[in-house]
Amino acid sequence: MMLGLAKQIDEAAAFVHSKWSGTAKAAMILGTGLGGLAEQITSKTAIPYADIPHFPISTSPSHVGQLVCGELRGVPIVAMEGRFHFYEGYSMQQVTFPVRVMKALGADTLVVTNAAGGMNPHFELSDVVVIDDHINLMGDNPLRGINDDRLGPRFPDMCEPYTRELSAIALQAALELGITAHKGVFVAVAGPNLETRAEYRMLRGMGADVVGMSTVPEVLVAVHAGLRVLGFSIVTDICLPDALEPVDIQKILAVAAKGGEKLSRLIPKVFERLGR
Ligand code: HPA
């Protein structure tokens, strides 16, 4: 099963190359409500996921479901406009397959974004969080199974999954743009339900600042594949266990759009400095 993976990656990458002749430097995953950044990609070719061999098909609301290849501030990029979530029923291998393909297309850096619940009481709606570290509570792992040593090591190191140098560039760029950005620990849960008050209390007690239902699988595979990683969360709901209010997905999407506008200013500025 796993040894067939390398072949599937090659086939998917070859298909993308038949539509786009570039070589990627960076890969990007745009999370729920955060697709606006794709508009800034120039000289672009958009390829629907459904056309790419071995890609799963996105079912989530507000997720477009295409691979956008082009340039962002002169940096060749492949970007996922819409991601695959574990809660949609995909396996961890399906959720992370596109990361393998983006690496095969040449990317050495992954920028990943998501909408998340804010548990740190200092965080406000639509704030940007630069992910400093994570906790995997999804109950599964994309690296489980036979390891293909050509793709990465059996026991990948996790002492610095999010590249400090990139986080520092992002925090500095946010400061220059006047965008509030915090450093924080992201905890991933399987979803699809939001958390109970007792769960938010537990997650906060564990040391997490934000909680979401994505990102960790893709980052685990990115680290396995040797990619540098920069992660952003947008705080789309405030999760204080003693003052918890019901959230609805429309409200989360509206706040994500506001945060997405900030990332659309911040991430291009990071890209200007990527090569340095
Ligand atoms: N919990 C989990 N995932 C989320 C949340 C949340 O509160 N908000 C956005 N994604």
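Here the structure is a predicted model, which means the values were calculated and not measured.

Criteria and thresholds
Residues numbered from 1 in each chain as written. Predicted model: local features only at pLDDT ≥ 70, side-chain atom pairs only at ≥ 80, totals over all residues. Heavy atoms only, no water. Helix = DSSP H or I, 4+ residues; strand = E, 2+ residues; numbered from the N terminus. Rg over C-alpha atoms; globule rule 2.2 N^0.38 Å. Buried < 20%, exposed > 50% of the residue type's maximum accessible area, 1.4 Å probe, protein only. Contact = heavy atoms within 4.5 Å. Areas by Shrake-Rupley, 256 points an atom, 1.4 Å probe, with all protein chains shown as cover. Lys, Arg positive; Asp, Glu negative; His and termini not counted. Charge placed at Lys NZ, Arg CZ, Asp CG, Glu CD. Expected span 1.5 Å × (residues − 1). Bend = angle between axes of the 7 residues up to and from the residue. Near = heavy atom within 4 Å. Polar contact = N/O pair within 3.5 Å; in protein donor to acceptor, adjacent residues only side chain to side chain. Nonpolar A, V, L, I, M, F, W, Y, C, P; charged D, E, K, R; others polar. Axes fitted to C-alpha atoms, helices over the stretch in contact; angles between N-to-C directions. Parallel < 35°, antiparallel > 145°, perpendicular 65-115°, else oblique. Left-handed = near helix turned anticlockwise from the far one by under 90°. Core = buried A, V, L, I, M, F, W, Y, C linked by side-chain atoms within 4.5 Å. Salt bridge = Lys/Arg side-chain N within 4 Å of Asp/Glu carboxyl O. Phe/Tyr/Trp six-rings, centres within 6.5 Å; stacked < 30°, edge-to-face > 60°.

Colleague: Looking at this structure, how should I read the overall build of the protein chain?
Modeller: Secondary structure assignment for the protein chain yields 6 helices and 9 strands. Here the C-alpha radius of gyration of the protein chain, 17 Å, is about what a compact globule of 276 residues would show, namely 19 Å. Its C-alpha atoms put the protein chain at 55 × 40 × 35 Å along the principal axes. Out of the 276 residues belonging to the protein chain, those deemed buried represent 55%. Restricting to contacts in the protein chain with at least 6 residues of sequence separation, those with at least 24 account for 83%. If you sum the accessible surface of the protein chain, you get close to 11,700 Å²; carbon and sulfur atoms cover 53% of it. Here the protein chain carries 24 positive and 29 negative side-chain charges, and the mean point of each set is 3 Å from the other.

Colleague: Would you mind showing me how to read helix α2 (residues 92-104) here?
Modeller: In an α-helix, one full turn covers 3.6 residues, which means residues spaced three or four apart are oriented alike. The end-to-end C-alpha separation of α2 is 19 Å, in line with the 18 Å expected for 13 residues at 1.5 Å each. Along α2, the sharpest change in direction is near 25 degrees and occurs at P98. Of all the positions in α2, only M92, V95, T96, F97, P98, V99, R100, V101 and M102 are classed as buried. Where α2 terminates, the next one or two residues include G106, which has phi positive at roughly 115 degrees.

Colleague: Quick question: what am I supposed to make of the site of the ligand here?
Modeller: As a matter of local geometry, the ligand sits amid A115, A116, G117, L194, E195, Y200, V211, G212, M213, T236, D237 and C239. For the ligand, a nitrogen atom lies 3.3 Å from a polar atom in the backbone of G117. Contact between the ligand and E195: a nitrogen atom at 2.6 Å from a side-chain N or O atom of the residue. Of all the secondary-structure elements, those providing two or more residues to the shell around the ligand are β5 (109-118), β8 (210-212) and β9 (228-238). With 3 residues, β5 is the single largest residue contributor to the shell around the ligand. Taken together, the residues of the shell around the ligand break down into 7 nonpolar, 3 polar and 2 charged.

Colleague: Teacher, can you tell me more about the packing of α2 against helix α5 (residues 216-224) here?
Modeller: Running from amino to carboxyl end, α2 crosses α5 at an angle of 50 degrees, the nearest separation of the two axes being 9 Å. Regarding the angle of α2 to α5, the classification is oblique. Remark: the crossing between α2 and α5 carries right-handed chirality. Of the residues in α5, those in contact with M92, V95, T96, V99 and R100 of α2 are P217, E218, V221, A222 and H224.

Colleague: Explain the nonpolar core here, please?
Modeller: Most often, soluble globular proteins keep nonpolar side chains buried together rather than apart. Formed by 49 residues in total, the largest nonpolar core has its most connected members in L67, V78, M102, L105 and L110. Ignoring any residue separated from it by four or fewer positions in sequence, one finds V78 in contact with W20, A24, A26, A27, M28, V68, C69, M102 and L105. Of all hydrophobic cores here, the second largest spans 31 residues; its members include L166, I169, A174 and L274.

Colleague: How do you make sense of unusual backbone geometry when you look at a structure like this?
Modeller: Residues G191 and P192 are joined by a peptide bond in cis, for which omega reads 5 degrees. The phi angle at H54 is positive, at roughly 75 degrees, despite the residue not being glycine. Assignment of secondary structure puts H54 in the loop between β2 (42-48) and β3 (66-72). Looking at H54, the relative accessible area reads 37%, which means it is partly exposed.

Colleague: What's the story with the pattern of salt bridges in this structure? I'm lost.
Modeller: As a working rule, side chains carrying opposite charge can pair if their charged atoms are close by. A full pass over the atoms with the stated rule returns 11 salt bridges. Between K269 and E176 there is a salt bridge, and its shortest N-O distance comes to 3.9 Å. Residue K269 is located in helix α6 (residues 249-272), and its partner E176 is located in helix α3 (residues 164-177); the two are separated by 93 residues in the primary sequence. For D242, the salt bridge goes to R201, with nearest N and O atoms at 3.2 Å. Linking D242 in the loop between β9 and α6 with R201 in helix α4 (residues 197-205), this pair joins segments that are 41 residues apart in sequence.

Colleague: Can you walk me through the packing of aromatic side chains in this structure?
Modeller: In this description, a pair of aromatic rings is defined by centroid distance and the angle of the planes. Taken as a whole, this structure holds 5 aromatic pairs when the rule is applied. With a centroid separation of 5.4 Å and 40 degrees between ring planes, the pair formed by Y49 and F55 is classed as tilted. Pairing F55 with F84 gives two aromatic rings, centres 6.3 Å apart and planes at 75 degrees, and the pair type is edge-to-face. Taken together, the residues F55 in the loop between β2 and β3 and F84 in the loop between β4 (75-81) and α2 connect sequence positions 29 residues apart. Using a relative accessible area of 9% as the deciding quantity, one classes F55 as buried. Here F84 falls in the buried class, since its relative accessible area comes to 1%. Through a chain of ring-to-ring contacts, the aromatic side chains of Y49, F55, F84, Y90 and F97 assemble into a single cluster.

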